[in-house]
Amino acid sequence: MDWGTELWDQCDIIDKHTQSGLDLVEKYVKFVKERTEIEQNYAKQLRNLTKKYSPKRGSKEELECRFSNHQAFLDILNEMNDYAGQRELIAENMMINICIELTKYLQELKQERKTHLSEAKKAQQSLEGTYKQLDNSKKRFEREWREAEKAAQYAEKTDQDLNATKADVEKAKQQAHMRTHIAEECKNDYALQLQKYNKEQNQFYFTDMPLIFSRLQDMDERRIKKLAQGYILFADTERQVMPIIGKCLEGISRAGTNVNEKNDSVVLIEQHKSGFERPGDVEFEDYSQGINRASSDSSLGTPKGPLELLGKNRNKTFRLFNKKSKFTPEKLTSVDTEGFTHLPPEQRRKRLQQKIDDISKELQKEMDQSEALGKMKDVYEKNPQMGDPASLAPQITQTAQNMERLRGELNKYESWLAEAGGRGDSIRYSTHSLNNNGAHNPNSPGAISDDTDSSQAIYTEFDDDFEEEEVAAPIGQCTALYNFPGSSEGTISMQEGEVLSVVEEDKGDGWTRVRRNNGDEGYIPTSYATITLNK
């Protein structure tokens, strides 16, 4: 059985090779699983990092996002959050397309390999069984043939023995004939078993085993091909999100380029502009004269010096950045925080403007709700089966009370705003006006759109120099792009295509002061006209 030994050595090699291939697939699946865990942990840490450094709602950091450098950092956090999402997508795709798919395929390969090896073992057992039958028939034939020879020799010896009777001779010949017949039968059976074994051996070596080896080869090649596809898919999964990751990185770079240090300085100045007049020069007090002539001239409007403004603290050193002058919650309890009188003039105007905007929005909601309740009441009155109109009375009453309260607060804050705005027509904004439906008048210079930051509310620019009444010279011209009714105080109407003289350019609040040929002046929205300034 040299051929059999060699064959099963080859089978053992193939068995070990296929098992090694399946182990490699299993190792690769474990490798990808660990990689997905790393990606998931990385994405989780990125999200925790962005959450940690993201400003909380209503915090000081969120208010500072109006500065470009703060906003850029917030944009970077948003981009990193999107970047973390892409890492999570990589982990998810690897788990679904590689780990789960290869694990399922690995189980199928193991079952197929087991089936092929079982068929090979079954064919081997069948061949070994046939060989045992052949060996048994051969040994039987050998044994019976020896017995037949012995019987023939005994019959011949008996026939030559003179003392043997005829009956003994006849009996010995019959015994020899019977043994010879049995030996012939064993010979025929041996020949038949030999033919059967040779046929089955030929089937085993030339058909069955080559077919099993071919199937194992095909299985192993399919395994290799599937594993190669998994390798490629590993790279493709990363490559698919590269464009989006690239956009995230571009967004981070764009956030850096959008930082404008000059604009941040302007925003800071506009945000904290106090509106106080600068102190005038400290007058010279000549004590060598009996009468201080300078004191008689103080009625002409000479501004007081910083020591005089400090009152009781005139003997103390004047500090520009005095940490002790900071407002504390305890101090705020002793000042009028509702009217924001504790704030500098410019900041007070901005806070009052913001408060008016908030009250106007709330009032508009209450008016919309009142209108909806009125319509619902009409429906109930026309169709009683839908509901009782009387059930809406408490809500209607409550809404009316809320509207009345909000109107009172609105009038109160508008009066404070008019008081804080100064005197004359130099006030750049007017109090918020409500149309018949209680909505904001969008054409009012004092109105601010919902999507505008409250810190950019239109601020008052007024001139304390009332002696300057001469007409200012135009600094340019503008052509109206759209019709503007100019129905609010301080504004002027214009028609599309009308040419007006620019008296005062836009200072960042979205309004430009213009003049007609007849001398009428007022403010128009800067975006409603094309402006050309004189060189």
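Residues numbered from 1 in each chain as written. Predicted model: local features only at pLDDT ≥ 70, side-chain atom pairs only at ≥ 80, totals over all residues. Heavy atoms only, no water.

Draft legend 1. Summary view of the packing of aromatic side chains. Enumeration according to the criterion identifies twelve aromatic pairs in this entry. The interplanar angle of 85° and the centroid separation of 5.1 Å between the aromatic rings of Tyr413 and Trp416 together place this pair among those described as edge-to-face. Of the two residues, Tyr413 and Trp416 are both situated in helix 10 (residues 393-421); the distance of three residues between them amounts to about one turn of the helix. Exposure class is identical for Tyr413 and Trp416. Each is buried. Connected via pairs of aromatic rings, a cluster forms that spans Tyr28, Phe31, Tyr231 and Phe234. Across from the ring centre of Tyr105, 5.5 Å away, lies the NZ or CZ of Lys226, which sits over that ring. (Phe/Tyr/Trp six-rings, centres within 6.5 Å; stacked < 30°, edge-to-face > 60°. Helix = DSSP H or I, 4+ residues; strand = E, 2+ residues; numbered from the N terminus. Buried < 20%, exposed > 50% of the residue type's maximum accessible area, 1.4 Å probe, protein only. Lys NZ or Arg CZ within 6 Å of the ring centre and 35° of its normal.)

Draft legend 2. A nonpolar patch on the surface, seen in detail. Nonpolar side chains collect at one region of the surface, where Leu24, Tyr231 and Ile232 lie side by side and expose about 280 Å² of accessible area between them. With respect to the secondary-structure elements, Ile232 resides in helix 4 (residues 166-257). Ile232 sits in the exposed class, given a relative accessible area of 52%. (Patch = residues over 30% accessible without salt bridge, like charges linked within 9 Å, V, L, I, M, F, W, Y side chains within 5 Å. Areas by Shrake-Rupley, 256 points an atom, 1.4 Å probe, with all protein chains shown as cover. Salt bridge = Lys/Arg side-chain N within 4 Å of Asp/Glu carboxyl O.)

Draft legend 3. Geometry of the pattern of salt bridges. Counted under the stated rule, the structure contains 24 salt bridges. Across the pair Glu504 and Lys507 runs a salt bridge, and its minimum N-O distance is 3.6 Å. Take Glu504: its relative accessible area is 16%, and that puts it in the buried class. Overlapping salt bridges bring together Glu504, Lys507, Arg513, Arg515 and Glu521 as one network.

Draft legend 4. Quick look at the pairing of strand 1 (residues 476-480). Side chains Gly476, Cys478 and Ala480 of strand 1 all project onto a buried face; the interleaved residues Gln477 and Thr479 project onto a face where none is buried. Judged from the four bridges that link them, strand 1 and strand 2 (residues 499-504) form a sheet pairing that is antiparallel. Looking across to strand 2, one finds that Cys478 is bridged to Leu500. (Pairing = 2+ DSSP bridges.)

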